[in-house]
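Here is how the chains run, residue by residue.
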Amino acid sequence: MKLTFWGAARQVTGSMFLLETDDDYRILIDCGSDLDSKSAQNGQEGQPQKSDTGFFPFEASGINVVLLTHAHIDHSGNIPNLYREGYEGQILCTEPTFALTNLLLQDAASLNLKRLNELGKSKKQRVRKRLAELQKDLFLEKQVRESMANVVPIQFNRKFKLADNVEVTFIPAGHLLGAAHILISVYENGQKKTICFSGDIGRKNYPLLSDPETIPPVDYLICESTYGNRLHIDAQAPEAVLADVIRRTCIDIPGRLIIPSFSVGRTQALLYTLNRLYTEQGFPPIKVFSDSPLALESTKVYQKNLRILNKEAKTYFEENESLFDFENFEYLESSKASKEVSNYNQPCIIISSSGMVQGGRVEHHVATNISNPYCTILIIGYCAEGTLGWRLLNGQPTISVKGKDLPVMARVERTDVFSGHGDRDDLLRFVKQQTPDRLKKVFLVHGEFTSMSAFQQTLVEEGFPEVEIPKKGQTYEL
Ligand SMILES: [Zn+2]
């Protein structure tokens, strides 16, 4: 069989791998958006990555099945385009991955529509031309609905037969609700070969999520390497980090805390941690606003999937009958309610998207509070170069937000306790579940090249000599 690396090759996003058996059965593992391109970094996430030959370097109609590790857009964001280019088959993933992917793709579609509507207002020839191109290229709600109608949800840890000689198992990977390591067994020429696609590897003791599970011995491992060369900075528990920043910002002063956060996954981890702080540590009832309609919908998916959350979350739910609702907590649904929070004159915590402070309602909260010395902006995720979050972290004294130059008087802090990715030691533990004698090759994907080569070196030192860092489009015979 052959394996081709069509994405997340020497870069962090755009996860997409094509596995072809000798009898021409073609499996696409993940179908993600490339967010590393220049256009995406300029905040134009709706920019399709299309070349002259279309969205894909292979015939979409020739794929037999798509397997999806998890919902994040860099793993799922190109699915509607695959159907537009002629794919007619099914998508296999876990039930929560289905629900969250549906929300994320619908959200992307509504951003696409907003962008088209904005361009539509211009009368300039150049803009009209661009609009006509984008109308062909950007997917909308209808295409998301059509693609999602082909999803077949499957359970964790159950073997599923894809073809006479191909079986697949989804193993819990932590990282995000529903996320899986995908294990594929192929029977060829009287031999069984097993391949594991790590997807994104979670970390232990993450709020709400069960720890990643052990995978059995395999022949080939395709391993993410986002944190291949670094460890998490914060060794404290998420509760301790939040408690400290809330005390300093909302109790001692008292001021307001703004947490830019990705709506799916991180916001639920934050809300649950805040809920616990209030109930278990007797925090004063500081008002908490969650300002993202997508966060509200995603939280419902977490509530529905209580059975796969970690033991701690289940016990907490049994004792308190709720994971995310507390007395002083409010969801802001309308944009009018979001803007009114600017006039709220008591200490408060505002959680809003996007995590990189690029687009989304959080931009408005940052613009209103950036010159307020009683405000702390807590960055909890990765910020791509050039984004507003990145500029804040770089300590610029003046920042341009929504067309205005504003002095930065608020405190800007960062923590990585809410990162859903395992660090170098977690990745190493993942690979070391394997025995070097059995494992034929490790392929490193989903990381910066420097991170990958450092991790390759670590693996070689740990006794795993066969480590490849594939280039985009590179094919290997397995
Ligand atoms: Zn992910």
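What this report covers is the structure whose coordinates are included nearby. (Residues numbered from 1 in each chain as written. Predicted model: local features only at pLDDT ≥ 70, side-chain atom pairs only at ≥ 80, totals over all residues. Heavy atoms only, no water.)

Quick look at the packing of aromatic side chains
Turning to step 1, where the next piece is worked out: Scanning all chains against the criterion turns up 14 aromatic pairs.
Turning to step 2, where the next piece is worked out: For the ring pair Phe-5 and Phe-17, a centre distance of 5.7 Å and an interplane angle of 70° mean the geometry is edge-to-face. On the criterion of sequence distance, the pair formed by Phe-5 in strand 1 (residues 2-5) and Phe-17 in strand 2 (residues 17-20) is long-range, its members being 12 residues apart. Here the two residues Phe-5 and Phe-17 agree in accessibility, since each one is buried.
Turning to step 3, where the next piece is worked out: Ring centres 5.8 Å apart and planes at 25° place the aromatic pair Phe-17 and Phe-197 in the stacked group. (Phe/Tyr/Trp six-rings, centres within 6.5 Å; stacked < 30°, edge-to-face > 60°. Helix = DSSP H or I, 4+ residues; strand = E, 2+ residues; numbered from the N terminus. Buried < 20%, exposed > 50% of the residue type's maximum accessible area, 1.4 Å probe, protein only.)

Digging into the coordination of the zinc ion
Turning to step 1, where the next piece is worked out: Protein-derived coordination of the zinc ion comes from His-70 (NE2), His-72 (ND1), His-175 (NE2) and Asp-200 (OD), at a distance range of 2.1 to 2.3 Å.
Turning to step 2, where the next piece is worked out: Around the zinc ion, the 4 donor atoms sit at angles spanning 92 to 166°, and that spread fits a shape best called irregular.
Turning to step 3, where the next piece is worked out: One chain supplies every donor to the zinc ion, and in sequence these donors are spaced H-x1-H-x102-H-x24-D. Here the residue His-72 occupies a position in the loop between strand 4 (65-67) and helix 2 (73-76), and Asp-200 occupies one in the loop between strand 10 (191-197) and strand 11 (220-224), the gap between them amounting to 128 residues. (Donors = N, O, S within 2.8 Å, 3.2 Å for Na, K, Ca; no water. Tetrahedral: all angles 85-135°; square planar, octahedral: opposite > 155°, others 65-115°.)

Overview of the sheet that holds strand 11
Turning to step 1, where the next piece is worked out: Spatial ordering of the open sheet is given by 7-8-9-10-11-20-21, a layout of 7 strands whose pairing is mixed. For this open sheet the edge positions go to strand 7 (160-163) and strand 21 (467-468), each flanked by a neighbour on one side alone.
Turning to step 2, where the next piece is worked out: Strand direction decides the pairing type here: strand 10 and strand 11, joined by 3 bridges, are parallel. For Phe-197, the partnering residue across the bridge sits in strand 11 and is Ile-222.
Turning to step 3, where the next piece is worked out: Relative to strand 11, helix 14 (residues 424-431) is tilted by about 170°, and along the sheet it contacts strand 9 (180-188), strand 10, strand 11 and strand 20 (441-445).
Turning to step 4, where the next piece is worked out: The strands touched by helix 15 (residues 449-461) are strand 11, strand 20 and strand 21; relative to strand 20, the strand with the most contacts, the crossing angle is about 155°. (Pairing = 2+ DSSP bridges. Contact = heavy atoms within 4.5 Å. Axes fitted to C-alpha atoms, helices over the stretch in contact; angles between N-to-C directions.)

Description of the pairing of strand 16 (residues 375-379)
Turning to step 1, where the next piece is worked out: The buried fraction of strand 16 is high, at 5 of 5 residues.
Turning to step 2, where the next piece is worked out: The alternating pattern of strand 16 places Cys-375, Ile-377 and Ile-379 on one face and Thr-376 and Leu-378 on the opposite face, and all of these are buried.
Turning to step 3, where the next piece is worked out: Of the strand pairs in this sheet, strand 12 (residues 256-260) and strand 16 are connected by 3 bridges, and their pairing is parallel. By the bridge assignment, Leu-257 is partnered in strand 16 with Thr-376.
Turning to step 4, where the next piece is worked out: Where strand 16 meets strand 19 (residues 411-414), 4 bridges bridge the pair, whose relative direction is parallel. When the sheet's bridge partners are listed, Thr-376 is paired in strand 19 with Arg-411.

Details of the nonpolar core
Turning to step 1, where the next piece is worked out: Core analysis: the largest hydrophobic core is formed by 104 residues, its most contacted members being Ile-27, Leu-67, Ile-184, Leu-242, Ile-246 and Ile-349.
Turning to step 2, where the next piece is worked out: Here the element with the most residues in this core is helix 8 (residues 266-281); it accounts for 7 residues.
Turning to step 3, where the next piece is worked out: When near neighbours in sequence (up to four residues on either side) are disregarded, Leu-242 contacts Ile-259, Leu-270, Thr-273, Leu-274, Leu-277, Leu-378 and Phe-418.
Turning to step 4, where the next piece is worked out: With 21 residues, the next largest nonpolar core counts Ile-215, Val-218, Leu-221 and Leu-428 among its residues. (Core = buried A, V, L, I, M, F, W, Y, C linked by side-chain atoms within 4.5 Å.)

Considerations on the pattern of salt bridges
When the charged atoms of two side chains lie near each other, side chains of opposite charge can form a pair.
Turning to step 1, where the next piece is worked out: Considering all chains together, one arrives at 22 salt bridges under this definition.
Turning to step 2, where the next piece is worked out: Here Arg-276 and Glu-312 are joined by a salt bridge, their closest N and O atoms 3.7 Å apart. Remark: Glu-312 occurs in helix 10 (residues 311-320) and Arg-276 occurs in helix 8; sequence separation between them is 36 residues.
Turning to step 3, where the next piece is worked out: Classification of Arg-276 by relative accessible area gives buried; the value is 10%.
Turning to step 4, where the next piece is worked out: With its nearest N and O atoms 3.4 Å apart, the salt bridge here joins Lys-441 to Glu-468. Linking Lys-441 in strand 20 with Glu-468 in strand 21, this pair joins segments that are 27 residues apart in sequence.
Turning to step 5, where the next piece is worked out: Given a relative accessible area of 24%, Glu-468 falls into the partly exposed group.
Turning to step 6, where the next piece is worked out: Members of the salt-bridge network, linked through shared partners, are Glu-239, Arg-276, Glu-280 and Glu-312. (Salt bridge = Lys/Arg side-chain N within 4 Å of Asp/Glu carboxyl O.)

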